[in-house]
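Tertiary structure, described
Given next are the chains, with one letter for each unit.
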Amino acid sequence: MNLITFFKSLLFISFFVLEACDPPDIDHAYDYLCYSNFRCTAFVPEQDSVWLELYSGDSLIDKDSLTYYYSSLPNKELEFRERLTLRIHVFCNGEWLDDIDYEFENRTDKYTRVDLDYFDIWHTDSSGVQIFTDEQIAKCPELTEYRIFVNTEHPPSCFDP
């Protein structure tokens with residue numbers, strides 16, 4: 001486990017808990033974290049890069065710009081859609097891997113977290129879903145431990161443990 005990445009993840013969680021989760025009627029700089037009843041994040045090893053796109057059917061509805069080893073969506077409030085596809089782009093060891101699509105359900109009664117990471121940051125006791133193929137892992141062995149973790153345990157208020 002990369003210690004620097006671990007501490008950066010903890011810092012992100014602290015920001016999220018302390019800043020983004022005020023009562024909904026309070027206008028706050030981190031309100032975007034609670035848009036649309038879901039949040040998708042992707043972490044990869046620091047020497048690699050990742051960026052995300054969000055689709056409803058065949059329509060691109062949001063995307064994040066390439067920002068080193070971390071990417072997140074949504075970046076704007078979206079019209080509610082029941083099924084969404086998260087497209088993950090990873091640049092590793094000098095090349096772009098084939099895109100990875102992960103489909104998930106968006107719910108109005110729960111706040112959904114979809115995370116690509118090497119550990120379950122929301123403690124759902126899940127072993128996660130391996131989304132990388134054997135060929136991708138052969139090109140980028142550092143992605144071996146990375147999984148998709150989905151958490152729908154939060155009420156619709158974004159984060160309320």
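In this text, all values refer to a predicted model and were calculated from it rather than measured experimentally.

About the cut-offs
- Along each chain, residues carry numbers from 1 onward, in the same order as the chain's sequence is written.
- Only residues with pLDDT of at least 70 get local features here, since the model is predicted, and only at 80 or more are side-chain atom pairs given and counted; chain-wide, interface and lining totals rely on the full set of residues.
- Side-chain metrics rest on all non-hydrogen atoms present in the structure, leaving aside hydrogens and water.
- Numbering goes from the N terminus for both helices and strands, where a helix is a DSSP run of H or I of at least four residues and a strand is a run of E of at least two.
- The buried label applies to any residue whose accessible area, calculated with a 1.4 Å probe on protein chains only, is under 20% of its type's maximum; exposed applies above 50%, and partly exposed to all values in between.
- Note on areas: Shrake-Rupley, 1.4 Å probe, and residue coverage restricted to the protein chains presented here.
- Two residues qualify as a contact provided that any one of their heavy atoms is within 4.5 Å of a heavy atom in the partner residue.

**Let's talk about the overall build of the chain**
Across its full length, the chain holds two helices and nine strands. Starting at the N terminus and ending at the C terminus, the chain contains elements arranged as α-β-β-β-β-β-β-β-β-α-β. By the burial criterion, 47% of the 161 residues in the chain qualify as buried. In the structure as shown, the chain presents an accessible area of about 8,500 Å², 51% of it carried by carbon and sulfur atoms.

**Description of the environment of D48**
Considering the arrangement of structural elements, one finds D48 in the loop between β1 (38-43) and β2 (49-56). On the basis of relative accessibility, which here comes to 0%, the residue D48 falls in the buried class. Filtering out sequence-adjacent residues up to four positions away, D48 remains in contact with Y68, Y69, F91, C92, N93, E142 and L143.

**Regarding unusual backbone geometry**
Omega for the bond connecting L73 with P74 falls within 30 degrees of zero, at 0°, which places this linkage in the cis form. On the secondary structure map, P74 appears in the loop between β4 (70-73) and β5 (83-92). The phi dihedral of N93 is positive, around 50°, even though this residue is not glycine. Secondary-structure assignment places N93 in the loop between β5 and β6 (95-96). Classification of N93 as partly exposed rests on a relative accessible area of 48%.

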